[in-house]
Amino acid sequence: MTMRALALGVAAIAMIATPAASQIDGGPWEMRADPDLSALLDCHEESGRTLISAHRGGPTPGLPENAIETMDAVLAAIPAVMEVDVAQSPDGVHYLMHDRTLDRTTTGEGAVTEVPWSEVEKLSLVDEAGWVTPYSVPTLRAALEWAKGRTVLQIDFKRTADFEVVIDMIRETGNANNVILIAYTIGAASRLNELAPEMLISASIGDLSDVIAYTTAGIPKDRIVAFTGTRLPRPDLYAELDSEDIEVIFGTLGRSPNSIDNVIERFGTGERYSELGGGGVDIIATDRPREAAAALAETGRLPVAGECGVSRGS
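Residues numbered from 1 in each chain as written. Predicted model: local features only at pLDDT ≥ 70, side-chain atom pairs only at ≥ 80, totals over all residues. Heavy atoms only, no water.

A. Looking closely at helix H10 (residues 260–267). Turning to H10, its buried residues number three or more, namely Ile260, Asp261 and Ile264. Down the axis, H10 shows its buried residues gathered within 105° of arc, on one side only. Lining the buried residues of H10 we find strand E11 (247–251), helix H11 (271–278) and strand E12 (283–286). Downstream of H10 by one or two residues, Gly268 has phi in the positive range, about 65°. (Buried < 20%, exposed > 50% of the residue type's maximum accessible area, 1.4 Å probe, protein only. Helix = DSSP H or I, 4+ residues; strand = E, 2+ residues; numbered from the N terminus. Arc of directions from axis to C-beta. Contact = heavy atoms within 4.5 Å.)

B. Broad picture of the confidence of the model for the protein. Mean pLDDT for the protein: 92, with 92% of residues reaching 70 or above. Within the protein, helix H1 (residues 3–17) has the poorest average pLDDT of any element, 39, and strand E4 (residues 94–96) the best, 99. Note that residues 1–24 has pLDDT below 50 and, in this model, 28 contacts with residues that lie over four places away or in other chains. (pLDDT = per-residue confidence, 0-100.)

C. Layout of the nonpolar core. Counting residues in hydrophobic clusters, the biggest one holds 60 residues, and the most contacted among them are Met82, Leu153, Ile155 and Leu181. Tallying contributions element by element places helix H5 (residues 140–147) first for this core, with 5 residues. The residues contacting Met82, other than those within four sequence positions of it, are Ala54, Gly57, Met71, Val74, Leu75, Trp146, Thr151, Val152, Leu153 and Gln154. (Core = buried A, V, L, I, M, F, W, Y, C linked by side-chain atoms within 4.5 Å.)

D. Spatial organisation of the state of the cysteines. In total, this model carries 1 disulfide according to the counting rule given. The disulfide bridge from Cys43 ends at Cys308, spanning 2.0 Å between sulfur atoms. Disulfide Cys43-Cys308: torsion about the S-S bond near -70°, hence left-handed. One end of the pair, Cys43, is in helix H2 (residues 37–46); the other, Cys308, is in the loop between helix H12 (289–298) and strand E13 (310–312), and 265 residues separate them in sequence. Here Cys43 falls in the partly exposed class, since its relative accessible area comes to 26%. (Disulfide = S-S within 2.5 Å.)

Okay, here's the thing in structure tokens:
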């Protein structure tokens, strides 16, 4: 048996071992931002709830990053926002991909800028352990059509992605109220706001002077969600942002052994997720969405069905 055939077998076992939505009492979770995502975030904050954002869609063994099947599995277990990465093929197709090459996450190889979609769509996704899965690389359109009525997507634009094309696709699929557009610079945030003034923007915020810089660039405060980093929690900053009615995202994610996710896992201190929520974090961006959700649920901070646009299928 070849290594690839063995890998496919292991991935299939992992898929079977992952509970389907129909096997879980209550069915899959849904999060609908109607009529406005900002109002949904305000509602959760006022209710003392903390949202989970599943980094790269929440991959686990047998379930690769940036895959619709992986996001389905997360929503079968917990209510969550999904963060995905968007790249563009040289022939103009936008699809979910984090890296600049296909090597790590697919059975293919080569630069995203060089491999046409006709080749990418034939590839299989690979999980974090390197096992080949039965899943294919999804287009952005497919991910947006999947997300409508199910959850909120955080869209991380890779360098090949075209802002205008992505925003047009978001509108065409009826997801304008269900996305947070990620910007890493004031210039990018300003351009996104110009193209999509009705959509929320995740903006990197280190202190209130950054808020002033963004608003001076023409971005209204009520369109900003503050991404406050991945290293040290800052309750003082969160309180200041709350006074400006700006929601807070904090990342516990990261590949480093010293990322907060990895430290929590190593020392078994899951209560830290709940402490972050209690300290003013409105959205926790994490590589461990299920574990973070379990910790929030223990202290009553996890969103519940019937409140703030959250529901659970039968």
